[in-house]
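Examining the three-dimensional arrangement
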Amino acid sequence: MMRGRSDGAQKKRLLTSVAVVVVFVVILYVYFGSKGNGESALEYGSRSLRKLGSSYLGGDDDSDLSGKQDEKFGLEDGEDGIIPKSFPVCDDRHSELIPCLDRHLIYQMRLKLDLNLMEHYERHCPLPERRYNCLIPPPAGYKVPIKWPRSRDEVWKANIPHTHLAHEKSDQNWMVVKGDKINFPGGGTHFHYGADKYIASIANMLNFPNNNLNNGGKIRTVFDVGCGVASFGGYLLSSDIIAMSLAPNDVHQNQIQFALERGIPAYLGVLGTKRLPYPSRSFEFAHCSRCRIDWLQRDGILLLELDRVLRPGGYFAYSSPEAYAQDEEDLRIWREMSALVERMCWKIAEKRNQTVIWVKPLNNDCYMERPAGTQPPLCRSDDDPDAVWGVNMEACITPYSEHDHKVSGSGLAPWPARLTSPPPRLADFGYSTEMFEKDMELWQRRVEHYWNLLSPKISSDSLRNIMDMKANLGSFAAALKDKDVWVMNVVSKDGPNTLKIVYDRGLIGTTHDWCEAFSTYPRTYDLLHAWSVFSDIEKKGCSGEDLLLEIDRILRPSGFVIFNDKQHVIDFVKKYLSALHWEAVADPTSDPDQEGDDIVFIIQKKLWLTSESIRDSE
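What you see is a predicted model; the values in this text were computed from it and never measured.

Summing up its helical and strand segments, the protein chain has 19 helices and 18 strands in all. Across the 618 residues of the protein chain, 56% fall into the buried class. By sequence separation, contacts in the protein chain at least 24 residues apart represent 71% of the contacts at least 6 residues apart. Carbon and sulfur atoms make up 52% of the accessible area of the protein chain, which totals about 26,800 Å².

This is how it looks when you write it as structure tokens:
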């Protein structure tokens, strides 16, 4: 009897143990299985997913990877490389994630930032082990964006489901919700009746022919700080003027995302503590329409940063209460600001109604004539005004180069001739006119080759927002002059600082490090041109997989990527096509203008929705 009871108890214990194990296994399966299917939230610091993210170039999972040092990204010999069959999908609440401008990351990292200096709007990137390693989903009901030029005036509400500005700025005609679309009447804080009339009034103040702000092609690049939804820049395009519209990711929800959805050049940034990511003497014209910037703070450091990026003889149009109001506080600010710009050698070109326009001197004469000890001082002789990546602003005046001083200006041809005219600053790199012209010819042929490969998939209005991830002299963008597109030219922080050549040609762009995420919202570019970008970051030991995920983040559904790189890089990209929901547009082809094994490979991103997004949109 004792033995029988013992056997029965053992059986009960055994059954209980088995049941516990089964339940535990089921829980593990449900938990990790759901993550594998990509429908759960993915938070920072998922170490298992970062291990999954380790990537080799080339080779199947079970192939011998030893001796393939030239075919891997950022791994030492002997580590196992895993090619994932799929990527998890980020939770839907991350559909607008900007990794280096993520308020949640700042909170998690407990960064001590000075809110008064706008440091919380500057770039703060997650460490590699804290990055999201998942695909950013589109919002519920996402549609392929409306094509340019219609997109200037209307976008799908589902693509950017934020109507905050339509209500907050309802009296200023920024944007209006109409059914399933958001319309943009062209209004702004100081131009309620339309940006086109406002732009013409500024040109009239300056006595430019036909009230055209381009002034016969002399004004081409414009900087619009605190741009709102970028209607000012959008309406400049018809005058052959291209504006870099800048605003932070602040309480005015998604204004830069709206600008890019509309097909208007724009960039997320702020006048805080770091220099703007543009070289000195980049813009002919700067603009602030009630941009909510305290220009007097810290000895005028923000206005001096604006001075750095203005060309000789450049203008600053300032529309704000301080320029015309008569209450005591506005008058105080106006007096102090007038005194500051006078010490900076700016002159009033015109002042009318709500707007004042200052003009910067053409040469260094005024700076040299200032009394000793005048503030702000000139910058030190060893200060490089073109060094911008992570460089702190300084409250000093950037004097002109010897060339610009002698010619009393930048010596640039009017637009559009300046696009193909060798700019004077070529000499800074030791480049000759012949080298410049050969570079133009090379990229003209390459772009023709690219378009032949793309032609079965695109029509004349398929592309609008384009990024050249490694712009060099800007000749890729120059070759697209006759297309109805604009190009964000990106120059690496590590290579030659050729971005000033890009701006001298009448193009726009920014400095960046492709080991980090770009300062833009998801789904903002129709085409990315990746010429040797992966080979460059491979040399730096950065993750090729992270860059693929970043490219996917900023690429619009149905958009394209042109890879022009080494064969092993193309093989690496091909491994991840299904994981990223990409498909090849054509078989890889050799670059006809490149010696060696450089290959051109073009992909298209498919439009996909999560099950949550589909359910929410039904």
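Considering all chains together, one arrives at 36 salt bridges under this definition. A salt bridge links Arg-380 to Glu-394; its shortest N-O distance comes to 3.1 Å. In this pair, Arg-380 is assigned in the loop between helix 10 (365-369) and helix 11 (402-407) and Glu-394 in the loop between helix 10 and helix 11, connecting sequence segments 14 residues apart. A relative accessible area of 48% places Arg-380 in the partly exposed class.

Examined against the element boundaries, Asp-468 turns out to sit in strand 11 (residues 465-468). Buried and unpaired, Asp-468 has Arg-505 as its nearest opposite-charge partner, separated by 9.2 Å. In this structure the side chain of Asp-468 is engaged in a polar contact, spanning 2.9 Å, whose partner is the side chain of His-529. Apart from the residues within four sequence positions on either side, Asp-468 is in contact with Phe-476, Val-487, Met-488, Asn-489, Val-490 and His-529.

In this model, the protein chain carries an average pLDDT of 86, and 82% of its residues clear a pLDDT of 70 or more. Contacts for the low-pLDDT stretch residues 1-12, under 50 throughout, to residues beyond four places or in other chains number zero contacts. Taken together, the stretch residues 74-80 has pLDDT below 50 and engages in 11 contacts with residues farther than four places along the chain or on a different chain.

In this section: the sheet that holds strand 2 (residues 176-178). Reading across the sheet, the three strands line up as 1-3-2 and stay open at both edges, with antiparallel pairing between neighbours. In the strand order of this sheet, the two ends are held by strand 1 (154-156) and strand 2, each with one partner. Sheet twist, expressed as the mean angle between neighbouring strand axes with direction ignored, is 30 degrees. Alignment of strand 1 against strand 3 (residues 181-183), held across three bridges, turns out to be antiparallel. For Trp-156, the partnering residue across the bridge sits in strand 3 and is Lys-181.

Turning next to the packing of aromatic side chains. Evaluated as defined, the whole model comprises 29 aromatic pairs. The structure contains a cluster of three or more aromatic residues connected by ring pairs, namely Phe-87, Phe-534, Phe-563, Phe-572, Tyr-576 and Trp-582. The lysine or arginine in question, Arg-220, covers the ring of Trp-415, its NZ or CZ lying 3.6 Å from the ring centre.

Here we take up the nonpolar core. Judged by nonpolar contacts, the single largest core of 123 residues is most densely connected at Tyr-278, Trp-295, Leu-303, Phe-316, Trp-514 and Phe-563. Looking at this core element by element, the count peaks at seven residues for helix 12 (residues 433-454). Setting aside residues no more than four positions away along its own chain, Phe-316 makes contact with Ala-286, His-287, Cys-288, Trp-295, Leu-303, Leu-306, Leu-310, Trp-346, Val-356, Ile-357 and Trp-358. Phe-208, Ile-219, Phe-285 and Ile-357 belong to the second-largest nonpolar core, a separate cluster that totals 22 residues.

Tallied over the entire structure, the rule returns six disulfides. For Cys-90, the disulfide goes to Cys-134, at an S-S distance of 1.9 Å. Here Cys-90 and Cys-134 share a disulfide; its torsion about the S-S bond, 80 degrees, makes the bridge right-handed. Here Cys-90 is found in the loop between helix 2 (47-53) and helix 3 (103-109), whereas its partner Cys-134 is found in the loop between helix 3 and strand 1, with 44 residues between them in sequence. Comparing Cys-90 with Cys-134 shows no difference in burial state: the two are buried. Across the disulfide, Cys-100 is cross-linked to Cys-125 (sulfur-sulfur distance 2.0 Å). Disulfide Cys-100-Cys-125: the torsion about the S-S bond is 115 degrees, which places it as right-handed.

This part is about the pairing of strand 18 (residues 599-605). Most of strand 18 sits out of view: seven of its seven residues are buried. Two strands pair when backbone bridges link them, and strand 16 (residues 582-584) and strand 18 are joined in this way by three bridges, in the antiparallel orientation. Considered in strand 18, the bridge of Ala-584 is made with Ile-603.

This paragraph deals with unusual backbone geometry. The omega torsion of the bond from Trp-148 to Pro-149 falls at 10 degrees, within 30 degrees of zero and hence cis. Within the element layout of this structure, Pro-149 appears in the loop between helix 3 and strand 1. Despite not being glycine, Asn-472 shows a phi value in the positive range, around 55 degrees. Here Asn-472 shows up in the loop between strand 11 and helix 13 (475-478).

Attention shifts here to the sheet that holds strand 8 (residues 310-319). Pairing is mixed across the open sheet formed by seven strands, whose spatial order is 6-5-4-7-8-10-9. Two strands close off the open sheet at either side, each with one partner strand: strand 6 (266-268) and strand 9 (347-352). With strand direction ignored, the average angle separating the axes of adjacent strands in the sheet is 20 degrees. Examined bridge by bridge, strand 4 (residues 221-225) and strand 5 (residues 242-247) share five bridges and lie parallel to one another. Within the sheet, the bridge partner assigned to Val-222 lies in strand 5 and is Ala-243.

Turning to the environment of Val-490, a few remarks are in order. Note that Val-490 resides in strand 12 (residues 486-492). Taking relative accessible area as the criterion, Val-490 reaches 1% and is therefore assigned buried. In this view, Val-490 contacts Met-467, Asp-468, Met-469, Lys-470, Ala-471, Thr-510, His-512, Trp-514 and Phe-518; residues no more than four positions away in its chain are not counted.

With that settled, consider helix 5 (residues 195-205). Among the residues of helix 5, Ala-195, Tyr-198, Ile-199, Ile-202, Ala-203 and Met-205 are the ones counted as buried. Buried residues along helix 5 cover an arc of 160 degrees about the axis, so they all sit on one side. The secondary structure elements touched by the buried residues of helix 5 are helix 6 (231-236), strand 7 (283-289), strand 8, strand 9 and strand 10 (355-359). A positive backbone phi angle near 60 degrees is found at Asn-207, which sits one or two residues after helix 5.

Another point: helix 7 (residues 255-262). Burial analysis of helix 7 places eight of its eight residues in the buried class, which makes it a mostly covered element. All buried positions along helix 7 are accounted for by Gln-255, Ile-256, Gln-257, Phe-258, Ala-259, Leu-260, Glu-261 and Arg-262. Gly-263 lies just past helix 7 and shows a positive phi near 90 degrees.

Calculation criteria
- Residues numbered from 1 in each chain as written.
- Predicted model: local features only at pLDDT ≥ 70, side-chain atom pairs only at ≥ 80, totals over all residues.
- Heavy atoms only, no water.
- Helix = DSSP H or I, 4+ residues; strand = E, 2+ residues; numbered from the N terminus.
- Buried < 20%, exposed > 50% of the residue type's maximum accessible area, 1.4 Å probe, protein only.
- Contact = heavy atoms within 4.5 Å.
- Areas by Shrake-Rupley, 256 points an atom, 1.4 Å probe, with all protein chains shown as cover.
- Salt bridge = Lys/Arg side-chain N within 4 Å of Asp/Glu carboxyl O.
- Lys, Arg positive; Asp, Glu negative; His and termini not counted.
- Polar contact = N/O pair within 3.5 Å; in protein donor to acceptor, adjacent residues only side chain to side chain.
- pLDDT = per-residue confidence, 0-100.
- Pairing = 2+ DSSP bridges.
- Axes fitted to C-alpha atoms, helices over the stretch in contact; angles between N-to-C directions.
- Phe/Tyr/Trp six-rings, centres within 6.5 Å; stacked < 30°, edge-to-face > 60°.
- Lys NZ or Arg CZ within 6 Å of the ring centre and 35° of its normal.
- Core = buried A, V, L, I, M, F, W, Y, C linked by side-chain atoms within 4.5 Å.
- Disulfide = S-S within 2.5 Å.
- Arc of directions from axis to C-beta.

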